[in-house]
Amino acid sequence: MTTGHDYKTNARRLRDALAGEGIAISHAKALELVARQEGVRDWNTLAARPNDTKAEEAAGGVPFAVGETVSGTFNGNPAKGRVIGLEETIKPDLWRVTVAFNPPVDVSTSKLFSSERRRIQMVVGADGRSRRLTGTETGVMALSRA
């Protein structure tokens, strides 16, 4: 398991090694390079990634990880996308998740009107279901790892 502290140590080592070769980079640039080595787009994405997703899942913790592909339903319509944001709420076992849908999802419940959205933010439990229920069996959103 790699932690944020380990990533920062790796960035310092990379920066020192490059300095020894006559290449000067900032600590921020070193962090970005370490993130790329870990297969994510930038340092913020790497820092937001849970340290040990499987351990947290077993404990009933974080439902998703940033960068993870998810699929399920939104207002009964099929939805597929990628988690681009995740934060813990003040209530235990509830998470605010931001999903970028591709293709866009129709958020309307009316058959007479259509409204597609590419990005949605919802509060979900560890089961991936939204907690603001609208009277439907599944709530507004029900997602799981794809």
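Residues numbered from 1 in each chain as written. Predicted model: local features only at pLDDT ≥ 70, side-chain atom pairs only at ≥ 80, totals over all residues. Heavy atoms only, no water.

Re the overall build of the chain
Counting its regular elements, the chain contains four helices and five strands. In the chain, the succession of α and β elements from N to C terminus is α-α-α-α-β-β-β-β-β. Relative to its full complement of 146 residues, the chain shows a buried share of 34%. Partitioning the contacts of the chain with sequence separation of at least 6, the portion at a separation of at least 24 is 41%. A total accessible area of about 9100 Å² is found for the chain, and carbon and sulfur atoms account for 48% of it. (Helix = DSSP H or I, 4+ residues; strand = E, 2+ residues; numbered from the N terminus. Buried < 20%, exposed > 50% of the residue type's maximum accessible area, 1.4 Å probe, protein only. Contact = heavy atoms within 4.5 Å. Areas by Shrake-Rupley, 256 points an atom, 1.4 Å probe, with all protein chains shown as cover.)

What to know about the pairing of strand β1 (residues 69-74)
Where β1 and strand β2 (residues 77-88) come together, six bridges link them in antiparallel fashion. The partner of serine 71 across the bridge, within β2, is lysine 80. Between β1 and β2, which pair antiparallel and follow one another directly, the connecting turn spans two residues, one of which, asparagine 75, has a positive phi of 50°. Alignment of β1 against strand β5 (residues 141-145), held across five bridges, turns out to be antiparallel. (Pairing = 2+ DSSP bridges.)

Section: the pattern of salt bridges
Inspection of every chain in the model, using the stated rule, returns two salt bridges. A salt bridge links glutamate 68 to arginine 145; the nearest nitrogen and oxygen atoms lie 2.5 Å apart. Highlighted residues: glutamate 68 in the loop between α4 (53-58) and β1 and arginine 145 in strand β5, separated in sequence by 77 residues. Ionic pairing is found between glutamate 87 and arginine 96, a salt bridge with its closest N-O pair at 4.0 Å. (Salt bridge = Lys/Arg side-chain N within 4 Å of Asp/Glu carboxyl O.)

Some thoughts on the pairing of strand β3 (residues 94-106)
Two elements, β2 and β3, share seven bridges in a ladder whose sense is antiparallel. By the bridge assignment, leucine 86 is partnered in β3 with valine 97. Examined bridge by bridge, β3 and strand β4 (residues 116-125) share nine bridges and lie antiparallel to one another. Within β4, the position partnered with threonine 98 by the bridge is glutamine 121.

Quick notes on the sheet that holds β2
Through backbone hydrogen bonds, the strands of a sheet pair up, either in parallel or in antiparallel fashion. Here five strands make up an open sheet; going across it, the order is β4-β3-β2-β1-β5 and the pairing antiparallel. Unpaired on one side and paired on the other, β4 and β5 mark the two borders of the sheet. Neighbour to neighbour, the strand axes of the sheet diverge by 35° on average, direction disregarded. (Axes fitted to C-alpha atoms, helices over the stretch in contact; angles between N-to-C directions.)

Focus: unusual backbone geometry
Residues other than glycine predominantly adopt negative phi, and peptide bonds predominantly adopt the trans conformation. The peptide bond linking asparagine 102 to proline 103 adopts the cis configuration, its omega dihedral lying at 5°. In this structure, proline 103 sits in strand β3. We note that asparagine 75 has phi near 50°; this positive angle belongs to a residue other than glycine. Checked against the element boundaries, asparagine 75 lands in the loop between β1 and β2. Assessed through its relative accessible area of 23%, asparagine 75 is described here as partly exposed.

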